[in-house]
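Spelled out, the chains give:
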Amino acid sequence: MKKLYTLISLLTITAASAQIGDAIHCGYDFTSYIVVKPHEDGKTQTINGLKMTVCDENGNEVINKDFKLSWKNNNQPLNFVRNYKIDSNNKKLEGFNEGKWFYYFADDHYLVTVTNTFNAEDYYLKIEDTDGEANGGHFKTFTMQLAPYNMYILCTSEEKQKAMQFGRRMNKPIDVVLEKM
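Because the structure is predicted, anything quoted here is derived from the model rather than measured. (Residues numbered from 1 in each chain as written. Predicted model: local features only at pLDDT ≥ 70, side-chain atom pairs only at ≥ 80, totals over all residues. Heavy atoms only, no water.)

**Re the sheet that holds strand S2 (residues 50-55)**
At step 1: Strands sit in the order S2-S7-S8 across an open sheet of three strands; the sheet is antiparallel. Both edges of this open sheet fall to S2 and strand S8 (142-145), since each of them pairs with a single strand only. Shown here is a sheet whose adjacent strand axes are inclined to one another by a mean of 15°, direction ignored.
At step 2: With four bridges joining them, strand S7 (residues 124-129) and S8 adopt antiparallel strand pairing. (Pairing = 2+ DSSP bridges. Helix = DSSP H or I, 4+ residues; strand = E, 2+ residues; numbered from the N terminus. Axes fitted to C-alpha atoms, helices over the stretch in contact; angles between N-to-C directions.)

Okay, here's the thing in structure tokens:
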């Protein structure tokens, strides 16, 4: 009888831990990222000093009203930021030579955070060179329509993966080749 109670207790604990395990979420739940790698033709280095925004079809900045498009920067434009490196104490470092990337998946590129429900195909990426010669040249303004596969969805469920009809897309930055004026 003691063995039966032990077995029932063990099964109960195992079932309870399985339910708890399903409830644990990753740190990026409900959040996706759009990552952009702007560079010159024939070069791999990401261009510094660019202004990148999510815009509408007319090139107007999109405002994140009431956190509908992103969980950050309420009532502000959706501006991309440059990834940066941190030290072992999670302090931001200047430059890109030492430390580890704060956003491990974005290397030395630009990124913006959006909600998982962000309808990417309704928006555009706009890249402007605002510092001119400081980044090595005057680059032409670049605009392109976004697509759902441009989003890094870092936390996914098995059900969502099974629902994908054409196979899983790999998280890759949008590769943009900018032209000089």
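Once the structure has been displayed, the description carries forward.
**Structural notes on the packing of aromatic side chains**
At step 1: Tallied over the entire structure, the rule returns eight aromatic pairs.
At step 2: In this structure an aromatic cluster arises from ring pairing among Tyr33, Tyr84, Phe102, Tyr103, Tyr104, Phe105 and Tyr152.
At step 3: Above the plane of the ring of tryptophan 101 lies lysine 85, whose end atom (NZ or CZ) is 4.8 Å from the centre.
At step 4: Here the guanidinium or amino end of lysine 92 rests over the ring plane of tyrosine 84, the centre of that ring lying 4.7 Å away. (Phe/Tyr/Trp six-rings, centres within 6.5 Å; stacked < 30°, edge-to-face > 60°. Lys NZ or Arg CZ within 6 Å of the ring centre and 35° of its normal.)

**Description of the pattern of salt bridges**
At step 1: Evaluated as defined, the whole model comprises five salt bridges.
At step 2: In this structure, lysine 180 engages glutamate 40 in a salt bridge whose closest nitrogen and oxygen atoms are separated by 3.8 Å. Pair noted here: lysine 180 is in the segment after strand S10 (174-178) and glutamate 40 is in strand S1 (residues 31-40), with a separation of 140 residues, a long-range link.
At step 3: A residue is classified by how much of its surface remains accessible, and lysine 180, at 41% relative accessible area, is partly exposed.
At step 4: Here lysine 140 ties to glutamate 179 by a salt bridge, and the two come within 3.4 Å at their closest N and O atoms. Residue lysine 140 is found in the loop between S7 and S8, and its partner glutamate 179 is found in the segment after S10; the two are separated by 39 residues along the sequence.
At step 5: On the accessibility criterion, lysine 140 (40% relative accessible area) is partly exposed.
At step 6: Counted as one network, the salt bridges with shared partners bring together Glu40, Lys43 and Lys180. (Salt bridge = Lys/Arg side-chain N within 4 Å of Asp/Glu carboxyl O. Buried < 20%, exposed > 50% of the residue type's maximum accessible area, 1.4 Å probe, protein only.)

**Here we look at the nonpolar core**
At step 1: The biggest cluster of nonpolar side chains holds 24 residues, and the ones touching the most others in it are Ile34, Val36, Phe80 and Phe118.
At step 2: Only S1, S2, strand S6 (110-115), S7 and S10 provide two or more residues apiece to this core.
At step 3: Isoleucine 34 has contacts with Phe80, Tyr110, Leu111, Val112, Val114, Phe118, Leu146, Asn150, Met151 and Ile174, leaving out every residue within four places of it along the chain.
At step 4: One finds Val35, Tyr103, Phe105 and Leu111 within the second-largest nonpolar core, a separate group that totals seven residues. (Core = buried A, V, L, I, M, F, W, Y, C linked by side-chain atoms within 4.5 Å. Contact = heavy atoms within 4.5 Å.)

**Considering the environment of glycine 42**
At step 1: Of note, glycine 42 is situated in the loop between S1 and S2.
At step 2: Taking relative accessible area as the criterion, glycine 42 reaches 78% and is therefore assigned exposed.
At step 3: As for glycine 42 and valine 177, which are separated by 135 residues in sequence, their C-alpha atoms are 8.8 Å apart.

**A word on the confidence of the model for the chain**
At step 1: Per-residue pLDDT for the chain has a mean of 80; in total, 75% of the residues score no lower than 70.
At step 2: Considering only residues more than four positions removed or in separate chains, one finds that residues 14-22, a stretch of pLDDT under 50, has zero contacts.
At step 3: Counting contacts from residues 158-168, a segment whose pLDDT is below 50, to residues more than four positions away or on other chains yields four contacts. (pLDDT = per-residue confidence, 0-100.)

**Brief notes about the side chain of asparagine 64**
At step 1: Take asparagine 64: it is sitting in the loop between S2 and strand S3 (81-82).
At step 2: A distance of 3.0 Å separates a polar atom in the side chain of asparagine 64 from the backbone oxygen of serine 70.
At step 3: Residue contacts for asparagine 64: discarding those within four places in its chain leaves Leu69, Ser70, Lys72, Asn73, Asn74, Asn75, Gln76 and Leu78. (Polar contact = N/O pair within 3.5 Å; in protein donor to acceptor, adjacent residues only side chain to side chain.)

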